[in-house]
Amino acid sequence: MRTVTTRSELRAAVAAARGRGARIGLVPTMGYLHQGHLSLVDAARAAAGPQAFIVMSLFVNPLQFGAGEDLERYPRDLPRDAALAAGRGVDLLFAPTVDQMYPAGEPQVQVVPGDMADRLCGAFRPGHFRGVLTVVAKLFNLVGPDLAAFGRKDFQQAVLVRRMVRELDFPVEIVMGPTAREADGLALSSRNIYLAPADREAALALFRALSAARDVFALGQTDPGHLLTAARDVLDAEPRVKLQYLELVDPESLDPVQTADARSVMALAAYLGPTRLIDNVVLGG
Ligand code: AMP
């Protein structure tokens, strides 16, 4: 695996791979890699086929952090990430500085999403998805991948990237990978290392709550109120969990559903101490 830090080295390395007939798969990340990120490398490689050339980006994108969020303390460890990425078969690691990505400071031209970016997480993180889509568009332009892999864990992000690709005609196939979890159900996240032991334990209520709703749906319940109550009861029983939102939405529009079906997605965000975690499940499994 080669690591590059500049846009010109990135373009040159991808062009060379393409010249050898490679299909380029991109896995964008903010680093501090875990098995969820690495499972996306596998998904990208499987989708790209025998000529796969997998590019992973590691960039803690300041544009997607709001005032008072964890930009400065977000975990960073390039040597560790490089070892994990190389071990999983990443071909090219792109780890730019902020100056390399935004040489003129905050870009004057950005990708501005519509109302879908103001729901769920977007309601609490104004400008977050503008920052995400702007950096993803930039990475798509720099790498020119045939496909890019995103995790279902960040469900709203994956849906918005899909919309951007469709509506702005990026010639990139989007692959969505399943949420990788700890054995006890907690969704893997770079932010899990912030959790104090008692909060780590309490955080299990998130997936337990979503699973409770899924169980009630499996018994035939399709009323959103009942399904949300099933999840909320589990969350309410865990006082360390400070719920930010819990919603049952359509997977395409992100609108709240009137009647649940197997495609409906229950999504939540909650604070455990100072740490904000998100999770979601598809009701039909
Ligand atoms: P991040 O580094 O948090 O920006 O995440 C980079 C990519 O990894 C995004 O597409 C995330 O959705 C994905 N990802 C993060 N956590 C998980 C997880 N537990 N399972 C699957 N994908 C994940």
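Residues numbered from 1 in each chain as written. Predicted model: local features only at pLDDT ≥ 70, side-chain atom pairs only at ≥ 80, totals over all residues. Heavy atoms only, no water.

1. Overview of the pairing of strand β3 (residues 52-58)
No. 1: Among the seven residues of β3, seven are classified as buried, and the element is accordingly described as predominantly covered.
No. 2: Burial along β3 is two-sided: the residues Ala52, Ile54, Met56 and Leu58 and Phe53, Val55 and Ser57 are all buried.
No. 3: Here strand β2 (residues 23-29) pairs with β3 via seven bridges, running parallel. Counted as the bridge partner of Gly25 is Ile54 from β3.
No. 4: In this fold, β2 hands off to helix α2 (residues 35-48), which returns the chain to β3; that crossover is right-handed.
No. 5: Handedness of the β3-helix α3 (residues 78-87)-strand β4 (residues 92-94) crossover: right-handed. (Buried < 20%, exposed > 50% of the residue type's maximum accessible area, 1.4 Å probe, protein only. Helix = DSSP H or I, 4+ residues; strand = E, 2+ residues; numbered from the N terminus. Pairing = 2+ DSSP bridges. Right-handed = clockwise from strand over helix to strand, strands pointing away.)

2. A few points about the site of the ligand
No. 1: In the neighbourhood of the ligand, 17 residues make up the surrounding shell, with His37, Gly151, Asp154, Ala180 and Leu188 lying closest.
No. 2: At a separation of 2.9 Å, an oxygen atom of the ligand approaches a polar backbone atom of Gly151.
No. 3: For the ligand, a nitrogen atom lies 2.8 Å from a polar atom in the backbone of Leu188.
No. 4: Here the ligand, which alone exposes 490 Å², has 94% of that area covered by the protein. (Near = heavy atom within 4 Å. Polar contact = N/O pair within 3.5 Å; in protein donor to acceptor, adjacent residues only side chain to side chain. Areas by Shrake-Rupley, 256 points an atom, 1.4 Å probe, with all protein chains shown as cover.)

3. Some remarks on the domain arrangement of the protein
No. 1: Here the domain parsing of the protein yields domain 1 (2-177) and domain 2 (190-282).
No. 2: Computed from C-alpha atoms alone, the centre-to-centre distance between domain 1 and domain 2 is 26 Å.
No. 3: At the interface, 23 residues of domain 1 touch 20 residues of domain 2.
No. 4: Summed over both sides, the interface of domain 1 with domain 2 buries roughly 2,000 Å², with 56% coming from carbon and sulfur. (Domains from an automatic or database assignment. Contact = heavy atoms within 4.5 Å. Buried area = accessible area lost by both parts, 1.4 Å probe.)

4. Some remarks on the environment of Ala43
No. 1: Within the secondary structure, Ala43 sits in helix α2.
No. 2: When the C-alpha atoms of Ala43 and Ala148 are compared, they prove to be 9.4 Å apart, with 105 residues separating the residues in sequence.

5. Digging into the packing of aromatic side chains
No. 1: Here the structure, examined in full by the defined rule, presents five aromatic pairs.
No. 2: Note on Phe140 and Phe150: the rings are 6.5 Å apart at their centroids and 75 degrees apart in plane angle, and the pair reads as edge-to-face. Placement of Phe140 in helix α6 (residues 128-143) and of Phe150 in strand β5 (residues 147-151) is noted, with a sequence separation of ten residues between them. Grouping residues by exposure puts Phe140 and Phe150 together as buried.
No. 3: Arg80 extends its terminal NZ or CZ atom over the ring of Tyr32, reaching a point 4.4 Å from the ring centre. (Phe/Tyr/Trp six-rings, centres within 6.5 Å; stacked < 30°, edge-to-face > 60°. Lys NZ or Arg CZ within 6 Å of the ring centre and 35° of its normal.)

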